[in-house]
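Observations on chain architecture
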Amino acid sequence: MGTGLTERSANESLSAVNDSSFPVFETAEDIDQYIAQSDTLRTNETCIEPLPLLSYIWRAIRELSGDDAYERYIAQHAANYPDTTPLARKDFFLYQQQQKWSGIQRCC
Amino acid sequence: MKNSLAAILVWIAVALLGSAALGGIALNRGESINALWFITAALCVYAIAYRFYATWIATNVLLIDPTRATPAERLDNGRDYIPTNRWIVFGHHFAAIAGPGPLVGPTLAAQFGYLPGTLWILFGAVLGGCVQDMVTLFYSTRRNGRSLGQMARDELGAIGGIAALTTTLFIMIILIAVLGLVVVNAMKHSPWATSTVAATIPIAMLVGLYMRTIRPGRVLEGSLLGVILLLLAVAGGGWIEHQPGLREFFDHPGLPLAWVVIAYGFAAAILPVWLLLAPRDYLSTYMKLGTIILLMLAIVWMQPSIKMPAFTQFVDGTGPIFGGKLFPFVFITIACGAISGFHALIASGTTPKLLSNERDIRMIGFGGMALESFVAIMAIIAATVLDPGVFFAINSPAGIVGKEAADAVAKISSWGFPVTVAQMNLLAQQMGEATLFARTGGAPSLAVGMASIFGSAFGQGMLAMWYHFAIMFEAIFILTTLDAGTRVGRFMLQDMLGNIWKPLGRTSWYPSVLLSSGIIVAAWGYFLYIGVIDPNGGVNILWPLFGISNQILAAIALCVATGILVKSDKLKYAWITTLPLVWLIIITSSAAWEKITSTDVRIGFLAAANDLATKLASGLLSPEKAAIAPQLIFNQRLDAVLTLFFVCMLWLIVFDMLRVCIRYLNGKPVPPLSEVSYQLTGMEKAWVRD
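What counts, and where the lines are drawn
Residues numbered from 1 in each chain as written. Chains lettered and ligands numbered in written order. Predicted model: local features only at pLDDT ≥ 70, side-chain atom pairs only at ≥ 80, totals over all residues. Helix = DSSP H or I, 4+ residues; strand = E, 2+ residues; numbered from the N terminus. Buried ≥ 20, exposed ≤ 12 C-beta atoms within 10 Å, placed from the backbone. Contact = placed C-beta atoms within 7 Å. Nonpolar A, V, L, I, M, F, W, Y, C, P; charged D, E, K, R; others polar. Core = buried A, V, L, I, M, F, W, Y, C linked by C-beta atoms within 7 Å. Expected span 1.5 Å × (residues − 1). Arc of directions from axis to C-beta. Axes fitted to C-alpha atoms, helices over the stretch in contact; angles between N-to-C directions. Parallel < 35°, antiparallel > 145°, perpendicular 65-115°, else oblique. Left-handed = near helix turned anticlockwise from the far one by under 90°. pLDDT = per-residue confidence, 0-100. Bend = angle between axes of the 7 residues up to and from the residue.

Our focus in this paragraph is the overall build of chain A. Looking only at helices and strands, chain A has five helices and zero strands in total. The helix and strand sequence of chain A, counted from the amino end, reads α-α-α-α-α. Relative to its 108 residues, chain A shows a buried fraction of 30%. Intrachain contacts of chain A at a sequence separation of at least 6 include 54% that bridge at least 24 residues.

Structural data, given as structure tokens:
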């Protein structure tokens, strides 16, 4: 965190989004910007529709590599803990790596 | 009706094709045999086992329940418990279980000929390894993703828990040492390999910085950058090789390289994970998956011929790479790829926390292991497409065949595997190496095998590049296992030390981090050091020790599973785990017995120690050998003690499991099943399923 992210701004941003459109926040500015743009974003949203093959593969690659981990975290967070502030992308990434390498992750 | 008839016909066809391929492999005694037979036999065996055996276990024994909510659903926190698409979980699980083991073991075991290794990989996997992985994954899922050690403690008692924990720690140490040795043997006196492997470290750090500060969390961008740099590093190594003045900087014998690996291991264990370990793992995972797919395509396309005979005379125990008869040593040498206890740690780690539905357990647990077994089959193909003479020249240590090239080829040719100095020199030159003699450990011969398969598929001009690509590819994920293993060892040690003095258990307290990392690195560093100075090649000592300990961990996992099966009133099905368990008990106990008591100096640890001690006392050794003899003698005795310790752990937990089972069957109190109670799944969202 430490980016001056306040609970209020995060809550507003999260109530503006629902299920499918996952915002990505680097900083508090991102969140403000997101709120400003949220209407346009929503009209462009097609995520929940059946995907064409290429985007399906691309999505699988992103998910498998962990490229979209933050977006999934934000979505999950918005759904389950709408009252609390999510971690910023950088903090989430650090936390996640620390967590991952605290256990047995690789075999012989 | 029509469909089921078609299905029956298809499965009959698969069964016939599989038996024909297996029969062809087993009965062929001609000059050579096409590698496609191996692929066909393997795919048919996996398909039949998956469709019938795994399905039967899932529906009749484990009673997998798709309506039951998984831990990922119940405890979903968006961090470690996350319901995930099954293909993604499969990818994660496979990337976690498939390490260098299935590549090295089969290559070493090829000294017995192609047949014993191939049959053990196929049947060991479908009857043992796949069952172990699947059952452990299932029981861990039913227990909120608890680890093997915790399950052993909950279901059997404190003894089981302690045995699982200590065995894991020891295996980790032996495993890291032997993998370090494989890397050192691949790098010694090879400026190309050494500089390429060295370059992977700053590349990983660069990627780490990119993902941490420049573009946080952009894993794909960072990895793409890293992969490009790695390929450039392979090419750059070739340039360094031809620069007098620069090449000497990377041209070292084994011992200094071992010290560098040890120092590196310590640094990696105390550096933050984002800087080195995590980015290196991304790179190694892509390299691993990419190379395995490439190798598979190249084998199918090129259909290389297997030149190794089905059996060699070394089934009698006189093999140059490691001593010991076919039984039990082929089963010890090939652990990963057939049955690997380590998988039980993964199957009771992250994977159960990602499963969105229990019905995916068959595909991820059983299927994941089948795929790893297939990787082992490809490794055995890559090793046996070489001329046997070349295979033995690369893999036989100097202590066995002699230091001089002429002595080595004379000795190997006298075994009936003709090879010439000119042939080896030409091969070394093609691969861009000064020499390929005595590079025990599996990595170089696998790299030569892969290079010749890739070379014939994609052009001969690139042989040296392919060879060093293969070396880099193996080194990068061996180093990942080394980093990750040291860290895990450190956490386990801190956990234990915390019982003695609280602050030592704090994973973020720096003095404790330094101390515990130092102890773990010193432990594996010791075995690596001895392995490098041992003129007979430390692989002969370390690999069997690793195999025995890994199989014993598998036996522990199967004990836990058997205990749970019996306590769940499924005694009549308990054979699915007891069958592989009994086999593991037989092979590990008899291998350990031989390693301790054999009078053959190449097999028995104590015999070797006594032999060396006698020679030392009577002044028969050359001064340089006499200087290291006391260390070697001590090490052989230590190895005997370690082996005894492993077997004691095994029998301890077997008796503990039997005690719990017998008490349960007699209606006496036992630790209750720790399964989490049923909760209906509320998750049928389309995106979670495929």
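Turning to the overall build of chain B, a few remarks are in order. Along the backbone of chain B there are 26 helices and two strands. Along the longest, intermediate and shortest principal axes, the C-alpha atoms of chain B span 70 × 70 × 60 Å. The buried share among the 690 residues of chain B stands at 57%. In chain B, 81% of the contacts between residues at least 6 apart in sequence involve partners at least 24 apart.

Turning our eyes to something else, we now look at the interface of chain B and chain A. Listed by partner, the interface residues are 39 residues for chain B and 27 residues for chain A. Examining the composition of the side of chain B that touches chain A, we find that six residues originate from one element, helix α21 (residues 463–500) of chain B, more than from any other. The residue inventory of the side of chain B that touches chain A, partitioned by class, reads 20 nonpolar, 14 polar and five charged.

It is worth spelling out the nonpolar core at this point. Ranked by internal contacts, the top residues of the largest apolar core, which has 238 residues, are Ile174, Leu542 and Ile556 of chain B. If you tally residues by element for this core, the top one is helix α23 (residues 539–567) of chain B, at 20 residues. Beyond its immediate stretch of four places on either side in the chain, isoleucine 556 of chain B contacts Ala152, Ala163, Ala164, Thr167, Gly341 and Ile653 of chain B. Core analysis: the second largest hydrophobic core is formed by ten residues, Ala75, Ala78, Ala88 and Phe92 of chain A among them.

Quick look at helix α11 (residues 254–270) of chain B now. All names here are of chain B. For α11, spanning 17 residues, the distance from its first C-alpha to its last is 25 Å, which sits close to the expected 24 Å at 1.5 Å a residue. Where α11 is concerned, the buried positions are Leu257, Ala258, Val261, Ile262, Gly265, Ala268 and Ala269. Projected down its long axis, α11 carries its buried residues within an arc of 145°, all on one side. Opposite the packed face of α11, turned more than 90 degrees from it, sit the exposed residues Pro256 and Ala263. Looking at the buried positions of α11, the neighbouring elements they touch are α8 (158–187), α12 (277–302), α21 and α22 (510–533).

Residues and elements named next belong to chain B. Relative orientation of the contacting elements helix α6 (residues 114–141) and α23 amounts to 55°, with a least axis distance of 10 Å. When the axis of α6 is compared with that of α23, the two are oblique. Crossing of α6 over α23 shows left-handed handedness. Contacts between α6 and α23 pair Gln132, Val135, Thr136 and Tyr139 from the former with Ala554, Ala557, Leu558, Ala561 and Ile564 from the latter.

So, on to the confidence of the model for chain A. Detail in the predicted coordinates should be disregarded across regions flagged by low pLDDT. Residue and element names in this part refer to chain A. Mean pLDDT for chain A: 67, with 53% of residues reaching 70 or above. Every residue in residues 1–23 scores below 50 in pLDDT, and together they form 43 contacts with partners more than four places removed in sequence or on other chains. Across residues 38–48 the pLDDT falls below 50, and counting only partners more than four positions away or on other chains, this stretch makes eight contacts in the model.

In this section: the environment of leucine 289 of chain B. Residue and element names in this part refer to chain B. Relative to the assigned elements, leucine 289 resides in helix α12. The exposure class of leucine 289 is partly exposed, given the 15 C-beta atoms found within 10 Å. Each C-alpha atom of the pair leucine 289 and leucine 680 lies 36 Å from the other, and the pair is 391 residues apart in sequence.

Turning to unusual backbone geometry, a few remarks are in order. All names here are of chain B. The linkage connecting phenylalanine 327 with the following residue, proline 328, adopts the cis geometry, with an omega of 0°. For proline 328, the position within the fold is in helix α13 (residues 326–333). You will see that leucine 63, though not glycine, has its phi angle at about 55°, which is positive. Note that leucine 63 resides in the loop between α2 (35–61) and α3 (71–74). The phi dihedral of glutamine 303 falls on the positive side, at around 45°, and the residue is not glycine. Here glutamine 303 is to be found in the loop between α12 and β2 (305–306). Residue class for glutamine 303 comes out partly exposed when judged on the 13 C-beta atoms lying within 10 Å of it.

All names here are of chain B. If you trace the backbone, aspartate 387 turns up in the loop between α15 (361–384) and α16 (388–395). The exposure class of aspartate 387 is partly exposed, given the 15 C-beta atoms found within 10 Å. Beyond its immediate sequence surroundings of up to four residues, aspartate 387 is in contact with Lys307 and Val419.

Let us now look at the confidence of the model for chain B. Summarising the model, chain B shows a mean pLDDT of 92, and 99% of its residues fall at 70 or more. Here residues 686–690 of chain B is modelled with pLDDT under 50, and outside its nearest four sequence neighbours on either side it reaches seven contacts, counting other chains as well.

Moving on: the packing of helix α4 (residues 69–80) of chain A against helix α5 (residues 89–100) of chain A. Relative placement of two packed helices is described by the angle separating their axes and the distance separating the axes. Residue and element names in this part refer to chain A. The contact between α4 and α5 brings their axes to 10 Å, and the two run at 105°. Taken together, α4 and α5 sit at an angle that is classed as roughly perpendicular. For the pair formed by α4 and α5, the contact residues are Ala69, Tyr70 and Tyr73 on the first element and Arg89, Phe92, Phe93 and Gln96 on the second. Tallied by class, residues from the contact of α4 with α5 come to five nonpolar, one polar and one charged.

The end-to-end C-alpha distance of α6 of chain B, which contains 28 residues, comes to 38 Å, matching closely the 40 Å that a straight helix rising 1.5 Å per residue would cover. For α6 of chain B, the principal kink sits at alanine 125 of chain B and spans about 55°.

For the rest of this paragraph, the subject is the environment of leucine 680 of chain B. All names here are of chain B. Take leucine 680: it is sitting in the segment after α26 (623–665). Using a count of 9 C-beta atoms within 10 Å as the deciding quantity, one classes leucine 680 as exposed. It is 9.2 Å that separates the C-alpha atoms of leucine 680 and proline 66, two residues lying 614 residues apart in sequence.

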